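# Survey of secondary and tertiary structure
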Amino acid sequence: MFHKILIANRGEIAMRVIRTCREMGIATVAVYSDADKKAAHRFCADESVHIGSSEPARSYLNIERIIAAAQETGAMAIHPGYGFLSENADFAAACEAAGVIFIGPPSKVIRALGDKTVARRMMVDSGVPVTPGMHRAETDPVRLAEAAEQLGYPVLIKAAGGGGGKGMRIVASSDQLPEACRSAAREAAAAFGNADIYIEKYIARPRHVEIQVLADAHGNVIHLLERECSIQRRHQKIIEESPSTALTPILRDKMGQAAVAAARAAGYVNAGTVEFLLDENGGFYFLEVNTRLQVEHPVTEMITGIDIVRHQIEIAAGRKLNLSQSDIAGRGHAIECRIYAEDPENDFFPSPGKILFLQEPTGPGIRNDGGVYSGATVPLEYDPILSKLIVYAENRELAVKRMRDALSRYVILGIKTPILFLMDVMDSETFKQGDTHTDFIPRHFANWKPTPVNPHGACLAFAVHELTGKKRSEAFSTAKGQFPTPWETLGNWR
Amino acid sequence: MFHKILIANRGEIAMRVIRTCREMGIATVAVYSDADKKAAHRFCADESVHIGSSEPARSYLNIERIIAAAQETGAMAIHPGYGFLSENADFAAACEAAGVIFIGPPSKVIRALGDKTVARRMMVDSGVPVTPGMHRAETDPVRLAEAAEQLGYPVLIKAAGGGGGKGMRIVASSDQLPEACRSAAREAAAAFGNADIYIEKYIARPRHVEIQVLADAHGNVIHLLERECSIQRRHQKIIEESPSTALTPILRDKMGQAAVAAARAAGYVNAGTVEFLLDENGGFYFLEVNTRLQVEHPVTEMITGIDIVRHQIEIAAGRKLNLSQSDIAGRGHAIECRIYAEDPENDFFPSPGKILFLQEPTGPGIRNDGGVYSGATVPLEYDPILSKLIVYAENRELAVKRMRDALSRYVILGIKTPILFLMDVMDSETFKQGDTHTDFIPRHFANWKPTPVNPHGACLAFAVHELTGKKRSEAFSTAKGQFPTPWETLGNWR
Amino acid sequence: MEYNLRISDADIRMEIDPHRENNSLTAVIGEQEYRVSYEAVSENRIYMVVDDGKEKIGMDAYVAQTADGKVIHINGGVCMVSDNDDSSRQQRKKNGAAGLPDRVTPPMPSLVISVLVKTGDTVEKGQGVVVVSAMKMETTLMAPYAGKVRSVNVAEGDKAAPGDILVDIERAETYKN
Amino acid sequence: MEYNLRISDADIRMEIDPHRENNSLTAVIGEQEYRVSYEAVSENRIYMVVDDGKEKIGMDAYVAQTADGKVIHINGGVCMVSDNDDSSRQQRKKNGAAGLPDRVTPPMPSLVISVLVKTGDTVEKGQGVVVVSAMKMETTLMAPYAGKVRSVNVAEGDKAAPGDILVDIERAETYKN
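Residues numbered from 1 in each chain as written. Chains lettered and ligands numbered in written order. Predicted model: local features only at pLDDT ≥ 70, side-chain atom pairs only at ≥ 80, totals over all residues. Heavy atoms only, no water.

### So, the overall build of chain A
Scanning chain A from terminus to terminus reveals 18 helices and 22 strands. Relative to the compact-globule value of 23 Å for 494 residues, chain A shows a C-alpha radius of gyration of 24 Å, a close match. Taken along the three principal axes of its C-alpha coordinates, chain A extends 85 × 55 × 50 Å. Here chain A holds 494 residues, and 63% of them are scored as buried. For chain A, the share of sequence-separated contacts (at least 6 apart) that also reach a separation of at least 24 residues comes to 64%. Accessible area for chain A stands at about 17000 Å²; split by element, carbon and sulfur atoms hold 52% of it. Of the side chains in chain A, 55 bear a positive and 59 a negative charge, and the two mean positions are spaced by 3 Å. (Helix = DSSP H or I, 4+ residues; strand = E, 2+ residues; numbered from the N terminus. Rg over C-alpha atoms; globule rule 2.2 N^0.38 Å. Buried < 20%, exposed > 50% of the residue type's maximum accessible area, 1.4 Å probe, protein only. Contact = heavy atoms within 4.5 Å. Areas by Shrake-Rupley, 256 points an atom, 1.4 Å probe, with all protein chains shown as cover. Lys, Arg positive; Asp, Glu negative; His and termini not counted. Charge placed at Lys NZ, Arg CZ, Asp CG, Glu CD.)

### Remarks on the environment of Val49 of chain C
Relative to the assigned elements, Val49 of chain C resides in strand 5 (residues 45-51). Val49 of chain C sits 10 residues away from Glu39 of chain C along the chain, and the two C-alpha atoms are 9.0 Å apart.

### Topic: the domain arrangement of chain C
Often the size quoted for an interface is simply the accessible area lost on bringing the parts together. In terms of domains, chain C is made up of domain 1 (2-93) and domain 2 (100-171). A separation of 39 Å is found between the C-alpha centroids of domain 1 of chain C and domain 2 of chain C. (Domains from an automatic or database assignment.)

### Details of the pairing of strand 10 (residues 221-233) of chain A
Regular strands show a simple pattern: their side chains alternate between the two faces of the sheet. Residue and element names in this part refer to chain A. Among the 13 residues in strand 10, 13 count as buried, and that is most of the element. Inspection of the sheet shows strand 9 (residues 207-215) paired to strand 10 by six bridges, in the antiparallel sense. Along strand 10, the bridge assignment pairs Val213 with His223. As paired elements, strand 10 and strand 11 (residues 236-242) share four bridges and run antiparallel to each other. Counted as the bridge partner of Ile231 is Ile239 from strand 11. Between strand 10 and the antiparallel strand that follows it, strand 11, lie two residues; Arg234 among them carries a positive phi value of about 35 degrees. (Pairing = 2+ DSSP bridges.)

### So, the side chain of Asp36 of chain A
By the element assignment, Asp36 of chain A lies in the loop between strand 2 (27-33) and helix 2 (40-43). The contacts of Asp36 of chain A, once residues within four sequence positions are left out, are Arg10, His41, Arg42, Tyr60, Pro379 and Tyr382 of chain A.

### Considering the interface of chain B and chain A
Contacts between chain B and chain A engage 31 residues on the former and 31 residues on the latter. Between chain B and chain A, the buried area comes to about 2700 Å², and carbon and sulfur atoms account for 42% of it. Of all residues in chain B, Glu23, Arg331 and Glu394 of chain B bury the most surface against chain A, accounting for 25% of the area lost on that side. Remark: the boundary between chain B and chain A carries six salt bridges. Among the ionic pairs, Arg402 of chain B bridges to Glu23 of chain A, the shortest N-O distance being 3.0 Å. Counting residues per element, the ones that place at least two in the side of chain B that touches chain A are helix 1 (11-23), helix 10 (297-304), helix 11 (308-316), strand 19 (366-370) and helix 12 (396-408) of chain B. It is helix 12 of chain B that contributes the most residues to the side of chain B that touches chain A, five residues altogether. (Buried area = accessible area lost by both parts, 1.4 Å probe. Salt bridge = Lys/Arg side-chain N within 4 Å of Asp/Glu carboxyl O.)

### Some remarks on helix 13 (residues 419-427) of chain B
Of all nine residues in helix 13 of chain B, seven are buried, a share of seventy percent or more. Along helix 13 of chain B, the residues classified as buried are Ile419, Leu420, Phe421, Leu422, Met423, Val425 and Met426 of chain B.

### A short note on the sheet that holds strand 13 (residues 147-152) of chain C
All names here are of chain C. Strand order in the open sheet formed by three strands is 10-13-15, and the pairing between neighbours is antiparallel. Looking at which strands have only one partner, the edges of the open sheet turn out to be strand 10 (122-123) and strand 15 (167-171). Bridging between strand 10 and strand 13 involves two bridges; their strand directions are antiparallel. Its bridge partner lying in strand 13, Val123 is registered against Gly147.

### Some thoughts on the sheet that holds strand 7 (residues 69-74) of chain D
Residue and element names in this part refer to chain D. Spatial strand order, 1-2-3-4-5-6-7-8: eight strands in a closed barrel with antiparallel pairing. With direction set aside, neighbouring strand axes in the sheet form an average angle of 35 degrees. As paired elements, strand 4 (residues 32-42) and strand 5 (residues 45-51) share seven bridges and run antiparallel to each other. Bridge pairing in strand 5 places Tyr38 opposite Met48. (Axes fitted to C-alpha atoms, helices over the stretch in contact; angles between N-to-C directions.)

### Considering the relation of the copies chain B and chain A
The transform that puts chain B on chain A rotates by 180 degrees and translates by 0.0 Å along the axis, for an RMSD of 0.0 Å. Overall, the copies show the geometry of a two-fold rotation axis. Among all residues of chain B, the minimum C-alpha distance to the rotation axis is found for Arg367 of chain B, at 3.7 Å. Of all interface residues in chain B, 100% are interface residues in chain A too; the two copies therefore contact each other through one and the same surface. (Least-squares fit on C-alpha atoms with pLDDT ≥ 70 in both.)

### A short note on unusual backbone geometry
Cis peptide bonds are those with omega within 30 degrees of zero, and the linkage from Tyr153 of chain B to Pro154 of chain B qualifies with 0 degrees. A cis amide bond links Ser242 of chain B to the next residue, Pro243 of chain B, at an omega of -5 degrees. Considering the arrangement of structural elements, one finds Pro243 of chain B in the loop between strand 11 (236-242) and helix 9 (249-266). Residue Leu225 of chain A is not a glycine yet carries a positive backbone phi of 70 degrees.

### What to know about the interface of chain A and chain C
In this complex, chain A contributes 52 residues to the contact, which on the side of chain C involves 57 residues. In total, about 5100 Å² of surface goes out of reach between chain A and chain C, with carbon and sulfur atoms giving 71% of it. Ranking the residues of chain A by area buried against chain C places Phe349, Leu460 and Phe462 of chain A at the top, with a combined share of 14%. Our enumeration of links across chain A and chain C arrives at one salt bridge. With a closest N to O distance of 2.8 Å, Glu466 of chain A and Lys70 of chain C form a salt bridge. Run the count over chain A and chain C and you get seven residue pairs in polar contact (both at pLDDT 80 or more). Of all the secondary-structure elements, those providing two or more residues to the side of chain A that touches chain C are helix 8 (177-192), strand 16 (349-350), strand 18 (357-359), strand 22 (411-413), helix 13 (419-427), helix 16 (455-468), helix 17 (470-480) and helix 18 (487-493) of chain A. At 14 residues, helix 16 of chain A tops the list of elements feeding residues into the side of chain A that touches chain C. Residues of the side of chain A that touches chain C, tallied by class, amount to 30 nonpolar, 10 polar and 12 charged. (Polar contact = N/O pair within 3.5 Å; in protein donor to acceptor, adjacent residues only side chain to side chain. Nonpolar A, V, L, I, M, F, W, Y, C, P; charged D, E, K, R; others polar.)

### Description of the pairing of strand 1 (residues 2-7) of chain C
All names here are of chain C. On strand 1, burial follows the alternation: Tyr3, Leu5 and Ile7 on one face are buried, whereas Glu2, Asn4 and Arg6 on the facing-out side are not. Taken together, the six bridges between strand 1 and strand 2 (residues 10-19) define a ladder with antiparallel strand orientation. Directly across from Tyr3, in strand 2, lies its bridge partner Met14. The antiparallel hairpin formed by strand 1 and strand 2 contains two residues in its connecting segment, where Ser8 sits at a positive phi of about 50 degrees.

### Focus on the pattern of salt bridges
For the structure shown, the criterion picks out 98 salt bridges over all chains. Lys432 of chain B serves as the salt-bridge partner of Glu429 of chain B, at 3.9 Å between the closest nitrogen and oxygen. A residue pair is termed a helical-turn pair when its members lie 3 or 4 positions apart in one helix, as Glu429 of chain B and Lys432 of chain B do in helix 14 (residues 429-432) at three residues. Connected through shared salt-bridge partners, Arg16, Glu23, Glu301, Asp307, Arg367 and Asp369 of chain A together with Arg402 of chain B make up one network.

### Brief notes about the packing of aromatic side chains
Residues and elements named next belong to chain B. Going through the model one piece at a time under the given rule, you end up with 28 aromatic pairs over all chains. Centroid distance Phe276 to Phe284: 5.2 Å. Interplanar angle 85 degrees. Geometry classified as edge-to-face. Assessed through its relative accessible area of 0%, Phe276 is described here as buried. On the accessibility criterion, Phe284 (10% relative accessible area) is buried. The interplanar angle of 90 degrees and the centroid separation of 5.4 Å between the aromatic rings of Phe421 and Trp448 together place this pair among those described as edge-to-face. Note that Phe421 is positioned in helix 13 and Trp448 in the loop between helix 15 (440-445) and helix 16 (455-468), a separation of 27 residues in sequence. Its relative accessible area of 1% is what places Phe421 among the buried residues. (Phe/Tyr/Trp six-rings, centres within 6.5 Å; stacked < 30°, edge-to-face > 60°.)

### Topic: the state of the cysteines
With the rule as written, the count across this model stands at zero disulfides over all chains. Here Cys21 of chain B is not disulfide-linked; the sulfur of Cys44 of chain B is the nearest cysteine sulfur, at 10 Å. No disulfide involves Cys459 of chain B; its sulfur sits 8.0 Å from that of Cys79 of chain D, the nearest cysteine. (Disulfide = S-S within 2.5 Å.)

### Looking at the packing of helix 12 (residues 396-408) of chain A against helix 13 of chain A
Think of two packed helices as two axes; the pair is described by the angle between the axes and how far apart they sit. Residues and elements named next belong to chain A. Close contact between helix 12 and helix 13 brings their axes to 9 Å; oriented N to C, the two are set at 155 degrees. In terms of orientation, helix 12 and helix 13 fall into the roughly antiparallel class. Between helix 12 and helix 13 lies a crossing whose hand is left-handed. Between helix 12 and helix 13, the residues in contact are Val400, Met403, Arg404, Leu407 and Ser408 and Ile419, Leu422, Met423, Met426 and Asp427, respectively. In terms of residue class, the contact of helix 12 with helix 13 is built from seven nonpolar, one polar and two charged. (Parallel < 35°, antiparallel > 145°, perpendicular 65-115°, else oblique. Left-handed = near helix turned anticlockwise from the far one by under 90°.)

As structure tokens, this is what we get:
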């Protein structure tokens, strides 16, 4: 087993990986940029290496610097987390060349699956259904327009180089196509270092259902059931759960087998996720393979009882999977809510800044994978995820109630978060009924506004805080300016 | 279902019960004494009622006051937690008389099982094996001495009125008996309002294994597997786990059936625990029935996925159990460590005081049922439990490592806790091998001292804290007294 | 003592009479009178029992002070409560009100990706004028009203902060005059 | 600057040279020299990278100030570090040293359950003299040495605080003289 692992990431996912490493007795190396000198992930590693300035390209995306950091510290392997270099085949190849183990699939598998058009061809060849659309990336606006016309609007522009909603645009009509293509290509270039885009038929009201797979280097491949990830905003998942309310045991089995077949076809090794669109008739279409740990992996961990990161590390170290498909059984129901620094009243626009106060919920069936602390600053430069709140309960109804209550006990002051929005989703009949499609938010929560809190209660809290806080009372006296006497006696004078 | 429940307890267990009530949409009423005005459990309930001064007899043990509080607030039921009035048959009877539902077994069942000698006779009659000893309580010192002689030393004095190690004494020889009996009776009187004691044969090096049962009012009784609770200090459990390393599937089944038989014999309703001593040959002996929620119930919740408190409330509301024995299966391994305000270097003597700083571990497989906060004061008057740290993992080996790591990330400053001791237990070969008997601590950890931390690291942290803390730097200048210049320039002058 | 507070878009007048010696106060908000007893749990947390004459409700409130007022988390809801009598805050608000609503400015520090208009262009209300990128998300800033572009103050690759006027637009009404 | 610190039973002399401008310091403890860079994360938490010339180790430390010194939690271990040059602390320590070791006093505020000796009794070292109860746990306080009971200062039901001398015992050696 590795003696030391470098985690080429930040925030909650770096901390998640470090925790499993600590339990395995593996020393950890964190990396950090200028903006992350005081980031939580740096503090929980055994060592931390500064890798550059705040712009991702000069730090978390700097392949040479990260490999050098591993070599300087004697780390034998690198865990890439999600985002950043996690699906970058050049990075995996550079690790291989430098003799550092990349904890993920071989670079050639990442490269093949990472080009979404290559992946689509591979699936077509192995009999997995895919959505109608282009099988090659394209830059010529004329050809892109032709392809779109042929598929019929609305169409979906997608980045060939990566997922996560980056570089993705729904286009309703031909006049919007040129600017949408330019903007998608720019975003794709910034996110993945690859401006290639392609066009698919846009499937209306699908569900987004994915299958977690584990494959070792000895030819064993199993799946760890599904995750339902339909609820998205800015093309990015915000609520995930397992099991999916849309799957029958037969469909679950079919999709699981398709995912295992897809992984085998790709020569897949390590943890990966096969994403499908599921239409309203139970038809499913291959979307892409995420060749990394997913943000939402805890949902699977909660219902299967398996530590996916531990298996990733063991597989990377060459060990055989000690699980077979018959060992895998889901129990109960798990839901994850992503807690971002974002403003749900303003199209979920990022809202970075300083966290003035933080209190995370705890208790039975609650897991919080956090990456921040009271007083931490959420930097402008990176994906503003703060934490993931995951709950487990005996069944979906109880899990929804548990999530609702846990959210209400999650206190984050100083920056905007979607917590109140998520509480309203948990309270909604549509969510309770499991009616979750990718249009869930625009359809049911367009122009959402928070229900106002009890305003009198808030006023009373304001008054008590003034009365009991020393600093505030000083500020108050100064503001008023007319009573130079001690605050303590002020109350009786008015 | 109940609209409102009063929780007749404090600390972590009150908070635990409130959480499930919130998820069930049931309003909650907390009660608190003078010492608990700023206790965490008070703040998380919908309402809180002051029930008296700090002495337990005048607040948490004041039956009339607590029932009046339920009636004043319109609470339809009372959850007693553990300790205090939870096993007090008079309290349950008073609830019944007042028309308030007591969330626990009927008063007559508590009374029968609460008198440990009656319970022993009941088990003998129903064929459950019991330890040799007295079948009636006794106060006459002469008769007690006779019984002890007959059983042969060492013997065990036990309180007839309750468990938890209160009023329990191991007596090695006849000359120690009189003072031990007096002291045990006094302690029993203080703890249970009942000075009755009796004597059993002392079984050397047993394991303490208990079976969780659930019984509804409609005659359905199931068990939720075992908990291994052998590791104790001052006759009180400190580490619990499930499954037990000592049980084969056959023995587990036998003990489970015995527990269900015991519950049926007693006419048991609600959640309860049948405690057994297990000798080294796989023989097991009935010890007592705990007619309440146990401190260590989370261990069972983690491996079965079941919320025991929810089932307690549903059973009390008259519902049928929606689980049958075949629904119950353990998965993985769970361990609980009790985090007390106590000094492991000084025989685990209570160490109340103010918590200057608190940071609880979080992450995959970690549950912390806490009852305190940074700045809270642990009062002198009550059982000084701060929280329970529970971990879940795929198997025992991984659970031990997870607990070790979670303990190392548990920061409590200002009062003494057994955290370092528990870390050393997790690191020990004996614990790793599952060699856990009730003599575990005296046998393997007598005169335990903490391994000194890296003293140079601590000195450096001291220096940095002085340099960066404003208050400290002021204090420092005053103490030194010879440099009236600003601290900021001091460093360069020496 | 009297407070003139603002929550969301509502102004609320509150009269309070504190009794510090026993951690309580009485308050009048509108027609409603409250008796409140409280505990200062920590710097950012207070617990109140609020009696409105009908029932007594426990309120577990978390509070953080910001330049604009206090952010308050109470029983699961969050809001900003500001003091209308705080003169420094009023000044900031005024400055803000004068400059922000009718200008093209990013909501957070951003990088300018592309400028879609040039000086002299006529724009429709809602027309995209500048694309900015922040935290790897692109957003198109739109014209707040129809009009004519008076000046473009940024170029591709520039950094822009909230309050910076990226494109200055002359209102159509004014233009037509 | 110089510190004379105490951890457990060891005295440690440390010389430090702070460079506040870049959050670092150099320190000499015994023969060992360290280069430390640090971040003050919050009031109770500091993160240090400690370079001892061979390797650089990250240390995540939690610190709370108490009257006796700083309680420090560092990478899972906890200890008290006190400043031997802090005169107020030394005074407290001296007072303590004079009174505590040879008296019968409870380790925490307690209730006296029973007194097992009376004035004039001869006691053995380790013999139980008073039973106290605190937090529902009974403990027997023992004679710290053999001797004769000079006075019993409490009765059953009294409350007793640490430092109160419950039973005053005259040492056997003194007695024999």
